Amino acid sequence: MELGDGAATRLVKHFHGTLDWALQHRDEAQILVLLYYFACVDRKFSAIYSQILTVARRRILEILLAGAREGVFHFRAEPERIAELLHDALLGGILNLGTTDSKGVTAPALKRR
């Protein structure tokens, strides 16, 4: 991200950067999938995952609130809920990239979508 990027650009770059990371570092993305699994069956991992989830959603919320201040985002729902939904969608993308062969999906292809 560039210093002068507006909120809309930062949000797009956040999504592209995260999905690009999942493509370029598949082994790390698979560790996240493993953490997700362990969080389902072990309270210690659930606590770790909960902290990661809070930080990740807060990062998106901060961008959304900046966009509201800039006048580019207008909400019909609570910004916190929108941040949760956006993060969940992004997590779904990471899970899909980490658990499938993702043939034909490349970082440049993501940016064209």
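Okay, so let's go over this structure. All values reported here derive from a predicted model rather than from experimental measurement. (Residues numbered from 1 in each chain as written. Predicted model: local features only at pLDDT ≥ 70, side-chain atom pairs only at ≥ 80, totals over all residues. Heavy atoms only, no water.)

Per the secondary structure count, the protein includes five helices and zero strands. A burial count over the protein gives 34% of its 113 residues as buried. Pairs at least 24 apart in sequence give 66% of the contacts found in the protein among residues at least 6 apart. (Helix = DSSP H or I, 4+ residues; strand = E, 2+ residues; numbered from the N terminus. Buried < 20%, exposed > 50% of the residue type's maximum accessible area, 1.4 Å probe, protein only. Contact = heavy atoms within 4.5 Å.)

Moving on to the packing of aromatic side chains. Per the counting criterion, the structure on display carries three aromatic pairs. Taken together, a centroid distance of 5.6 Å and an interplanar angle of 75° make the contact between Tyr36 and Tyr49 edge-to-face. In this pair, Tyr36 is assigned in helix α2 (residues 26-41) and Tyr49 in helix α3 (residues 43-70), connecting sequence segments 13 residues apart. Take Tyr36: its relative accessible area is 35%, and that puts it in the partly exposed class. Connected via pairs of aromatic rings, a cluster forms that spans Tyr37, Phe38 and Phe45. (Phe/Tyr/Trp six-rings, centres within 6.5 Å; stacked < 30°, edge-to-face > 60°.)

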